[in-house]
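Below are the chains, spelled out letter by letter.
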Amino acid sequence: MFASFFWRLANGVFAAGGAAVAAQGPAFYRQYLQRLGGRLDQSESIVERLAEDAARYGESLAAYIANSLSDASPRAKDAGQRALTEVEENASLAEAYAALNEASPLERPLVFAQHFDPELAKATLRDYVPALDFSAEGLVYAAAGLLAGLLLFAGVERLFRLARRGVESPKGTRNA
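A quick note: this is a predicted structure, and the numbers were derived from the prediction, not measured. For every chain, the first residue of the written sequence is number 1, and numbering continues from 1 onward in sequence order. A pLDDT threshold of at least 70 governs which residues receive local features in this predicted model, and a stricter bar of 80 or more applies before side-chain atom pairs are shown or counted, although totals over entire chains, interfaces and linings include all residues. Heavy atoms from the whole structure form the basis of all side-chain values; hydrogens and water molecules are not counted.

(A) The overall build of the protein, seen in detail. Of the regular secondary structure elements, the protein holds seven helices and zero strands. Radius of gyration here is computed from C-alpha atoms only, and the compact-globule reference equals 2.2 Å multiplied by the residue count raised to the power 0.38. A compact globule built from 176 residues should have a C-alpha radius of gyration of about 16 Å, whereas the protein, at 27 Å, is more than 25% larger. Taking the principal axes of its C-alpha atoms as reference, the protein extends roughly 85 × 40 × 25 Å. Across the 176 residues in the protein, those meeting the buried criterion constitute 28%. All accessible-area figures derive from a Shrake-Rupley calculation using a 1.4 Å probe, and residue coverage is judged against the displayed protein chains alone. Roughly 12,000 Å² of accessible area belongs to the protein as shown, and the carbon and sulfur atoms make up 62% of that amount. Think of it this way: Lys and Arg go in the positive column, Asp and Glu in the negative one, and His and the chain ends go nowhere. For charged residues, the charge sits on one atom: NZ in Lys, CZ in Arg, CG in Asp, CD in Glu. Charge separation in the protein, taken as the distance between the mean sites of 18 positive and 21 negative side-chain charges, equals 17 Å. What counts as a helix is a DSSP run of H or I of at least four residues, what counts as a strand is a run of E of at least two, and both are numbered from the N terminus. Accessible area is worked out with a 1.4 Å probe on protein chains only. A residue is then buried under 20% of its type maximum, exposed over 50%, and partly exposed in between.

Take a look at the structure:
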């Protein structure tokens, strides 16, 4: 009787745990997107200042960077390289933000994987606030997590029972 209760309780814990963990997906996605938007805003501000610097010399930003990179001075080359890196990073951030922001709920996991930034994910996790999302998307994630928890538990239970059966039967004999 106790064993039956234990297995039912463990089954429920795995199911609820899977649902709770998976339900965090949409909340993490939104917090990641918000942090990405902040980085994009900061990067756009830097690129705007670079464009203003270029305008003071009567150049486009592209010409300003090209002239800095071709300058004989190591200081100008370094400044040009930093400016080029910032412009490229800004373009990458804008592309990632647009793709993640416009992705449908079904596309989000794939788009997230395509534009995943480990540093940004670490920063998001550091300040992450768990949330329950009762939207259709949140409920689908919770249901998928519940199913994954049940399947994981079924696998653990099966391994446990096979191991127990192996311990109970003498070597060289088979259980039916």
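(B) Representation of the packing of helix 2 (residues 24–56) against helix 4 (residues 74–102). Where helices are involved, their axes are fitted lines through C-alpha atoms of the stretch in contact, as for all axes, and angles between N-to-C directions lie from 0 to 180°. Look at helix 2 against helix 4: their axes get within 9 Å of each other, and the N-to-C directions meet at 145 degrees. Crossing handedness for the pair helix 2 and helix 4: left-handed. Facing Tyr 29, Tyr 32, Leu 33, Leu 36, Gly 37, Arg 39, Leu 40, Ser 43, Glu 44, Ile 46, Val 47 and Leu 50 of helix 2, the residues of helix 4 in contact are Ala 83, Glu 86, Val 87, Glu 89, Asn 90, Leu 93, Ala 94, Ala 96, Tyr 97, Leu 100 and Asn 101. Of the residues assigned to the contact of helix 2 with helix 4, the class counts are 15 nonpolar, four polar and four charged. Here a crossing is called left-handed whenever its near helix is offset anticlockwise from the far helix by less than a right angle, and right-handed whenever the offset is clockwise. Contacts: residue pairs with any heavy atoms within 4.5 Å of one another. Residue classes follow a fixed rule: Ala, Val, Leu, Ile, Met, Phe, Trp, Tyr, Cys and Pro count as nonpolar, while Asp, Glu, Lys and Arg count as charged, and any other residue, Gly among them, counts as polar.

(C) Helix 6 (residues 118–126), seen in detail. The set of residues buried in helix 6 consists of Leu 120, Ala 121, Ala 123 and Thr 124. Buried residues along helix 6 cover an arc of 165 degrees about the axis, so they all sit on one side. Away from the buried face of helix 6 by more than 90 degrees, exposed residues Glu 119, Lys 122, Leu 125 and Arg 126 are located. Buried residues belonging to helix 6 abut helix 2. In protein, a polar contact requires one atom able to donate a hydrogen and another able to accept it; more generally it is a pair of N or O atoms within 3.5 Å, and residues adjacent in sequence count only if both atoms are side-chain atoms. If you check the start of helix 6, you find a side-chain oxygen 3.0 Å away from the backbone N of Glu 119, and it comes from Asp 117. Working definition: the arc comes from the directions between the helix axis and the C-beta atoms, pointing outward to the latter.

(D) Layout of the environment of Gln 24. Among the secondary structure elements, Gln 24 is positioned in helix 2. You can call Gln 24 buried: its relative accessible area is 17%. Apart from residues lying up to four places away in sequence, Gln 24 is in contact with Tyr 128, Pro 130, Ala 131 and Leu 132. Of the polar contacts made by the side chain of Gln 24, one reaches the backbone nitrogen of Ala 131; its length is 2.9 Å.

(E) Region of the structure containing the nonpolar core. Remark: nonpolar core denotes a set of buried residues (Ala, Val, Leu, Ile, Met, Phe, Trp, Tyr, Cys) joined through side-chain atoms within 4.5 Å. Counting 16 residues, the largest nonpolar core has Phe 28, Tyr 29, Tyr 32, Leu 36, Leu 100 and Phe 112 as its most contacted members. Residue contributions to this core peak at seven residues, all from helix 2. Sequence-distant contacts of Tyr 32, defined by excluding residues within four places in its chain, comprise Leu 100, Phe 112, His 115, Phe 116, Asp 117, Leu 120, Ala 121 and Thr 124. With seven residues, the next largest nonpolar core counts Val 47, Leu 61, Tyr 64 and Ala 83 among its residues.

(F) Just the packing of helix 2 against helix 6, in detail. Two elements in contact, helix 2 and helix 6, have axes whose closest approach is 9 Å; the angle formed by their N-to-C orientations is 115 degrees. Handedness of the helix 2/helix 6 crossing: right-handed. Residues Phe 28, Gln 31, Tyr 32, Arg 35, Leu 36 and Arg 39 of helix 2 touch helix 6, and the partners they reach there are Leu 120, Ala 121, Ala 123, Thr 124, Leu 125 and Arg 126. Residue composition of the contact of helix 2 with helix 6, by class: seven nonpolar, two polar and three charged.

(G) Representation of the side chain of Ser 43 within the structure. Tracing the backbone through its elements, the reader meets Ser 43 in helix 2. At a separation of 2.9 Å, a polar atom in the side chain of Ser 43 contacts the side chain of Glu 86. A polar side-chain atom of Ser 43 sits 3.1 Å from a polar atom in the side chain of Asn 90. If we skip the residues at most four places from it in the chain, Ser 43 touches Glu 86, Glu 89, Asn 90 and Leu 93.

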